[in-house]
Every structure is written in structure tokens, then in C-alpha cells.
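Here is how the chains run, residue by residue.
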Amino acid sequence: MSWRVAAWWKLAVWVPLVSICLVGTSLLAPPVHAAEAPPLRYAAPLKVTQPAAFVQLPLPTAVYAHSQQPGLADLRLVDANGQRVPFALLAPREDSIEQRQQARPVALYALPPGPVGSGLPPSIELQVQADRISLRQRGVVAVDGRRPGAGWIVDLGEREAEQPAPRQLRLHWSAPAEFSVGYRLEFSDDLRRWHRGGGGQLMALPGREGALTQPLVPLEGERSRFVRLLWSDPAQAPTLDAAEALTEQRDTVLQDPPTELRPTAAASGSEGGTPTLEIDLGAVLPLRDLRLGFADGSTQLVPLRVQLRLRRDAPWRDVTQGVLYRIERPEGASVSPPLPLGVHARQLRLLLDERSPLLDPARVPVIVRAQLASLVFAAQGVAPYTLQVGAPFTAGSVPGPLPIDTLVPQLKAERARFGRASLGEFSEQPEAAARAARDEAWAAWRPRLLWAVLLGGVLALAGMVWRLARGRSH
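The rules behind each value
- Residues numbered from 1 in each chain as written.
- Predicted model: local features only at pLDDT ≥ 70, side-chain atom pairs only at ≥ 80, totals over all residues.
- Heavy atoms only, no water.
- Pairing = 2+ DSSP bridges.
- Helix = DSSP H or I, 4+ residues; strand = E, 2+ residues; numbered from the N terminus.
- Axes fitted to C-alpha atoms, helices over the stretch in contact; angles between N-to-C directions.
- Phe/Tyr/Trp six-rings, centres within 6.5 Å; stacked < 30°, edge-to-face > 60°.
- Buried < 20%, exposed > 50% of the residue type's maximum accessible area, 1.4 Å probe, protein only.
- Lys NZ or Arg CZ within 6 Å of the ring centre and 35° of its normal.

1. Focus on the sheet that holds strand E5 (residues 96–110)
Item 1. An order of E12-E11-E10-E14-E8-E5-E15-E9-E13 is seen for the nine strands of this open sheet, with the pairing classed as antiparallel. Both outer strands of the open sheet, strand E12 (212–214) and strand E13 (216–218), are each paired with one neighbouring strand and no more. Here the strands of the sheet are splayed against their neighbours by 30° on average, with no regard to which way each runs.

2. Focus on the packing of aromatic side chains
Item 1. Here the structure, examined in full by the defined rule, presents two aromatic pairs.
Item 2. Between tryptophan 173 and phenylalanine 179, the ring centres sit 5.0 Å apart and the planes meet at 80°, which makes this aromatic pair edge-to-face. An identical accessibility class is assigned to tryptophan 173 and phenylalanine 179; each is buried.
Item 3. One residue, arginine 228, lies across the ring of tryptophan 194, its end atom 4.1 Å from the ring centre.

3. A closer look at unusual backbone geometry
Item 1. Alanine 175 connects to proline 176 through a cis peptide bond whose omega is -5°.
Item 2. Structurally, proline 176 is set in the loop between strand E9 (168–175) and strand E10 (179–188).
Item 3. Proline 384 follows alanine 383 through a cis peptide bond whose omega is 5°.
Item 4. Its location among the elements puts proline 384 in the loop between strand E24 (374–378) and strand E25 (385–389).
Item 5. For leucine 72, which is not a glycine, the phi torsion comes out positive at approximately 55°.
Item 6. Mapped onto the elements of the fold, leucine 72 is located in the loop between helix H2 (61–66) and strand E3 (76–78).
Item 7. Its identity as a non-glycine residue notwithstanding, leucine 191 has a phi of 65°, on the positive side.
Item 8. Within the secondary structure, leucine 191 is located in the loop between E10 and strand E11 (195–205).

Shown next as C-alpha cells:
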């Protein structure tokens, strides 16, 4: 066979194969639309309720449910003339920690003059009632004159294990107007065994602009209930009238409170013998935490495990586990904190402990909190405004939101002046719906057309090969 015949043979085989590949690729590709920006499938009216230069719209879950692209990338805001309005997405701020000082009155018991032993002096009576300890002062103890008292016993009171220990004592006195005296501290839990602590100086000095005082006694994180304050020189000590325990409290301040949701939970049989509840949130949402809405007056305890998934056909994966409870007590109910989640999820599944009673979601609702974003836009153009959303990846590019720092250059100062807006109900746009229907029909027919083209190409190629082989045999 000459080189020309071999070249024609290769050409006859490879040209149909390349043609089949090109046709198949064109069939698999999405249809190309002439419009530069695709019409979005859903629209909702936006009403400005508090006008300002920049307006903030807290996004409801309906926006997440109608969005078809990750990160709400298919949002568009237009005015009454259809002109685009620049906007940005504002993420929720992180919670801040606020420290504050809490003052609580404490009981004082004067010590008699003279040396102090390891036990209680005769002037103080110890009373034990059930599991509670209390002290009582017997008679009147001299705290001034030629033989002033040696010091004081301070009862900080009973404290729960989770409560922080006092950091300082603040002392109040009535006399004298000027003094300076040292002290040392001892601590005990049972008023029998004492251990040494620190010491310091109290003073009151007169001045032109008022008295300079130092009334604070550091406790250095000591968790003992009783404090014994002993004067270095009782003759120079002040007459104490009252004392307060100062505790540092750390409170979490919600900068942007999360949105509370009560989705419908449905029993879904059991998983390996474990009763389960499934929750469909309707959209992929950024979840903060989860709790159960126990009814007042009831004591319930529910151990559970939480799973999530982003799609209905995705496997479940574990998120967290814990115990949610409400325990009724005479002094009030104790309620467990929510289970922290900190994840994005479309569906949740609660796996209940088989040793606990079945949970009726109709009586004990599942409550989740989501940290939803806000939309901030410049109040330009002609009102009213419309928020559009809903463009699949095959529809083309949608100009997304601007960076928040680009839209609002001085965000921290401008945030307090933001206006407010509310969003109406979403409706489907006819043009976008018709286009989506055509795209879905094309997607349904595309595999069939591809198989038809491939089959036809294979048959044509087989015919060519057969003819060439037959020609060579003659």
C-alpha cells in the first residue's frame, strides 16, 4: 500500500471521529442566549420604610430559598425604570464581649480585741441548718477605744460552681476621716482551717479636691467562702459599716441578633434503632445554634445527635451532640443553653437517644437560629424598587453585589444612619419562567440527540471502513 493510500485511509477514519466529537460537544453545551444579562426568575417588591442615603434590608429566608447560585450571587436590584441600583451584601457582625463589674453586699462580723486563733472567737456563733452555714454576732464588740477589734470576718455567701469568684472587696467606713493601716488576709471554707492569703493597705487622706481613699481589698481569685481581715495596727483601723464583693461579669452582646426559625420537624422512622426527626429549612442557611421549645412547668431531658446535609441526595454528616433539658425546681427552672452549630445546611436530622422518651415535635418545637445577611443599597433611581433573584449557572453571568467597602466607604460611621426596608412576596416572572422551561426541555432532549448523533456517526464510519476494505480487495 502506497503512502498516499495510507494517508487517505487515516483521513477517512479520523475525519468522521472528529466530526462526531465536535457535534457531541456542541450538543452537551448549554444553549446560548442573545441577551447580555439573563432575566431572573423571581421578583419581589422592596419598600423603603425609613429613608436614608443608604438603606439596609435584612434578608428573609425566602431570598435564600429562591436563589440558585451559591453566596446569593444571582441577586439584582432595579428601580421603577428597570435601571440597576448598586448594592452590597452585609455579613452579620461577630458578637462582642462586654465586661462589667457587679457589686453584691456581704456580711461583716467583728473580731474581738486580742490575738486571733485558728477557730472562731466566742463573739461569733456558727449555725448549721441542713446544708447551709450561717454566722451570728453575739452582743456588741468594741471596735474603737483603747482596745479596738483585731479585724473582721467577711462571709462572701454561698456560690454556685459556675458562678465567678469575687475579685475584690470594697469596704465602707464612717470614721476616722484620715488614716492609713495595713492588713493581711486569711481564707477558709469551714471556719476551722485557715490558710494565708495576701495583704495590703487601706487609707483615707484629705485633699483640696476631696478625700483620697483606697477602699479595695484584692482577693486574687480566691474561691473560699470566708475571709478573715486582720489589722496590722488595730488602733489605726477604721470603723467598717459595710462591705461589697465585686465580681467581673463577661456578657456576650449580639451585634446583629440572629433570625429565629421554627421549621417543621417530621419523624422519619429510626436509624439503627434510634428515633429520628428530619427538618427541611427550605434553603441552605448559615445556622448559629439549635434548641428545643420545652413547655413551661415541665421537666424534660433529651440527649440527641445532630446531622446535616446540603442537598437531598447528599449523605448525612455529624455536626454536634449534647443534651437539651428543662428542669423545674422550687426556685425556678434550669434550661440548657442552645447547641452551637456554626454551619451551613439545607436539612437537619436529630437522632434521639433510644433510652429517652419519644419527642413530639408538635408539642416540643425545634428552634434554630440563622445568621442571615443584609442587603445594603444606595437610595438612587426612581422608587419603588424590585429585588430579582434566581439564575442558574447555564443562564449566563449576573452582575453581583459590590464589596461593602466600595458601596459604603465609611461603613462604621454610616451604619448608625442606615435606613430600613421591607420585602414583599416573590412572584415568578413569565419571560424567565418560559426561558427556564425551554432550557429544561433542551436539557431533557440533549442526551437523546447526543446518542443519536454518536450512533449515526458510528454507522457512517462503519460503512466507510467497509467500502474502503472492499475497494482494496478488488
